Amino acid sequence: MGNLQVGIVGLPNVGKSTLFNAVAKAGAEAANYPFCTIEPNVGVVSVPDKRLGVLAGMYSSRKVTPTAIRFVDIAGLVKGASAGEGLGNKFLAHIREVDAIAQVVRCFAGGDIAHVAGSIDPLRDIEIINAELCIADLESIDRRLERLRRQAKSGDKGAAAEKETLEKIKSGLGKGEPARRLNLSAEEKGLLHEINLLTLKPVMYVTNIHEKDVEKGGGPLTRQVEEYARQDGAETVPLSARLEEEIAQLDENEAAEFLRSLGLKAPGLERVIGAAYKLLDLISFLTAGETEARAWTIRRGVKAPQAAGVIHSDIERGFIRAEIVSYDDLTGSGSYAAAREKGLIRLEGKDYIMRDGDVTNFRFNV
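About the criteria used
Residues numbered from 1 in each chain as written. Predicted model: local features only at pLDDT ≥ 70, side-chain atom pairs only at ≥ 80, totals over all residues. Heavy atoms only, no water. Core = buried A, V, L, I, M, F, W, Y, C linked by side-chain atoms within 4.5 Å. Buried < 20%, exposed > 50% of the residue type's maximum accessible area, 1.4 Å probe, protein only. Helix = DSSP H or I, 4+ residues; strand = E, 2+ residues; numbered from the N terminus. Contact = heavy atoms within 4.5 Å. Phe/Tyr/Trp six-rings, centres within 6.5 Å; stacked < 30°, edge-to-face > 60°. Pairing = 2+ DSSP bridges. Axes fitted to C-alpha atoms, helices over the stretch in contact; angles between N-to-C directions.

> Help me out: how do you make sense of the nonpolar core in this one?
Within soluble globular proteins, side chains that are nonpolar generally end up buried alongside one another. Core analysis: the biggest nonpolar cluster contains 58 residues, and I69, F71, M204 and Y205 have the highest contact counts within it. Among the elements that line this core, the one with the most residues is helix 10 (residues 268-280), at eight residues. Contacts of F71, omitting those with residues within four sequence positions, involve V6, I8, F20, V23, N41, V42, G43, V45, L269, V272 and I273.

> Would you mind going over the packing of aromatic side chains with me for this structure?
Aromatic rings considered in pairs are described by the distance between their centres and by the relative angle of their planes. Summed over the entire model, instances satisfying the criterion amount to four aromatic pairs. Taking the centre distance of 5.8 Å and the plane angle of 80° together, the rings of Y205 and Y228 count as edge-to-face. With a gap of 23 residues between them, Y205 in strand 6 (residues 203-208) and Y228 in helix 7 (residues 220-232) connect regions that are remote in the sequence. On the basis of relative accessible area, Y205 is assigned to the buried category, the value being 1%.

> Which parts of the structure should I look at to understand the pairing of strand 5 (residues 100-106)?
Regular strands show a simple pattern: their side chains alternate between the two faces of the sheet. Most of strand 5 is tucked away: seven of the seven residues are buried. In strand 5, alternate side chains face the same way, and those of A100, A102, V104 and R106 on one face and I101, Q103 and V105 on the other are all buried. Bridge count for strand 5 against strand 6 is six bridges, and the pairing is parallel. Across the sheet, residue A102 finds its bridge partner in strand 6, namely M204.

> How should I be thinking about the sheet that holds strand 1 (residues 4-9) in this particular structure?
The pairing of strands in a sheet comes from backbone hydrogen bonds and takes either a parallel or an antiparallel form. Across the sheet, which stays open at both edges, the six strands sit in the order 2-4-1-5-6-7 with mixed pairing between neighbours. The open sheet terminates on both sides in strands that have one partner only, identified here as strand 2 (41-46) and strand 7 (235-239). Taking the axes of each pair of neighbouring strands and ignoring which way they run, one obtains an average angle of 25° across the sheet. In this sheet, strand 4 (residues 68-73) lies alongside strand 2 in antiparallel orientation, the contact comprising six bridges. When the sheet's bridge partners are listed, N41 is paired in strand 4 with D73. Here helix 7 sits on the sheet in contact with strand 5, strand 6 and strand 7, set at roughly 175° to strand 6.

Structural data, given as structure tokens:
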């Protein structure tokens, strides 16, 4: 699969661009006025994976290539965006292109940054964006239903099934329920490939907290968002965007020491990426040799030939079998040869379902 795209969204001045600076180290403009971000800034960030360094040492690899994630800093949305207020239409167009949404919610009062709504209320902020996305989806569904009703009348069973699913979603959206909350079956979701619903995209909430609350993971406002997220089946990542921006400027050793002093195990980047992988049910398999040690991202449940296709379509087309050893078995043995002697190297066929940390060599013939 291509690089995972996570859209960073939120009301103006909640810390979106500051967070983007922190995780992408890309220097996106951050200013104290609405709509300073018009065209989305995009940063491609390496996904931290300590396993690659270990494999590179074992194989004397000349190059280490982690998998990557794309962060898209999307313009601040305001109430009425679905009707074109602010930069609403552009916002909605950009958000349609991402795989997951990271909604930044301000959870601290005071400071010199003005909130666009004049007060700090994270649940209100979440609901403003939720409502705008619901309204936008309702409009998309109404347009699609016009066509489907005509097709269903002509006896098209596929159109009739899609029509029934969209009417179910429309009923939920009318009550302010995003499509992701409606417990749609895999079959129902499969009918929706023609319509890119905003409220079906998985969401995480990034609570932007005060620096003094970092060690305890936020205060009462953060707890409100965490409770809301539980009901939404969503992930919550508390962090201080401003502090993360400072950490991003440090070298690896300085950053590690700074994190320890704050009582944190990992920077916000790693926690946001971890939440995104969990949201989208992603795993990584690994390849290693003298040329390169590399990580590849796939969805959980993918079979070996499709995983091979992530590397190159020819490998999938000519797939014979996969030579696989788990990362833990390989490193526990000390070398590939030792793992082979212990019988830990497996030959897997076309029906093998890949696992996270599979160190893989695909055999193929084209």
